[in-house]
Amino acid sequence: MSMTETKIALITGANRGLGLAIGRGLAERGLHVVLTGRNQSAAEAAAADLAKDGLSVSAHQLDITDPASVVHAIASASKRFGRLDVLVNNAGIAIDRGQLASSPDFEKVRATLETNIFGAWRCCAAAIAEMKRNNYGRVVNITSHLGSLSTMADTNVAYRVSKAGLNALTRVLAAELAGTGVLVNACSPGRMNTRMAYGETDRTPEDGADTPIWLATLPDDGPTGGLFADRKPLDW
Ligand SMILES: NC(=O)c1ccc[n+]([C@@H]2O[C@H](COP(=O)([O-])OP(=O)(O)OC[C@H]3O[C@@H](n4cnc5c(N)ncnc54)[C@H](OP(=O)(O)O)[C@@H]3O)[C@@H](O)[C@H]2O)c1
């Protein structure tokens, strides 16, 4: 398959954790994966690691809180490969552990929303414009069960609100793009032992990567416009 026929995926925060595991999984399925990181050398190190195993990957700097960086990374990938098929909005922060809504630290709230909602939203807007050119696209927003309205609880308020907002954004975009060939979904990977999880679980990022990889490669006749975990629509 020539590079012009190969599907091109771009993943945010792919230098480590879940993003890197999704990158490996998609490259193993034959996609070319642009591993992005806010630190260029960290993205390059991740790409070098996967390339050693013969996988088709490249690296690009991308800080999702920087509008110029988002536009530049997505335009560069689209121009270099002639298309953009998959966006995985994986980059995220969780910096308000234990924080209650009644005593907010608005600096942390603002930083969390800037990354987890506005950052992902910016990437969606830039990538969807490219995807619409080919009437094909798969957007996968990595959310969390902590953002579920039906099981909402206290603590980690900024993170919870940011992921609930990301879920809403997912549904709004999916509704807007119905029938265009661009599918927008979200899934929670479940708890995984990454830097974000404080070592409180034995599940690996590879365990969490399964559903995002499935959604990123969803066939045209697959489910659309919902939020998924364990391959079933969630009542979020
Ligand atoms: N771990 C869990 O148990 C769990 C559970 C549910 C959902 N999730 C979600 O899964 C996703 C991945 O998390 P993870 O567990 O793999 O966490 P992680 O190991 O902390 O990785 C987070 C990634 O996001 C990147 N990032 C943060 N801010 C960024 C920005 N402004 N621009 C670009 N990249 C940025 C980080 O880059 P740096 O290396 O530069 O910091 C890193 O690559 C997140 O959306 C998280 O909310 C995780």
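Data block above holds the structure.
Residues numbered from 1 in each chain as written. Predicted model: local features only at pLDDT ≥ 70, side-chain atom pairs only at ≥ 80, totals over all residues.

(A) The overall build of the protein chain, seen in detail. Per the secondary structure count, the protein chain includes 6 helices and 8 strands. Ordering the α and β elements of the protein chain from the N terminus gives β-α-β-α-β-α-β-α-β-α-β-α-β-β. The C-alpha atoms of the protein chain give 17 Å as radius of gyration, which agrees with the globular expectation for 236 residues (18 Å, within 12%). Going through the 236 residues of the protein chain one by one, you find that 48% of them count as buried. (Helix = DSSP H or I, 4+ residues; strand = E, 2+ residues; numbered from the N terminus. Rg over C-alpha atoms; globule rule 2.2 N^0.38 Å. Buried ≥ 20, exposed ≤ 12 C-beta atoms within 10 Å, placed from the backbone.)

(B) Looking closely at the pairing of strand β3 (residues 57-61). Burial within β3 is extensive, with 4 of its 5 residues counted as buried. Where strand β2 (residues 32-37) lies against β3, 5 bridges are found, and the strand directions are parallel. By the bridge assignment, Val-34 is partnered in β3 with Ser-58. For the handedness criterion, the β-α-β arrangement of β2, helix α2 (residues 40-51) and β3 is classed as right-handed. (Pairing = 2+ DSSP bridges. Right-handed = clockwise from strand over helix to strand, strands pointing away.)

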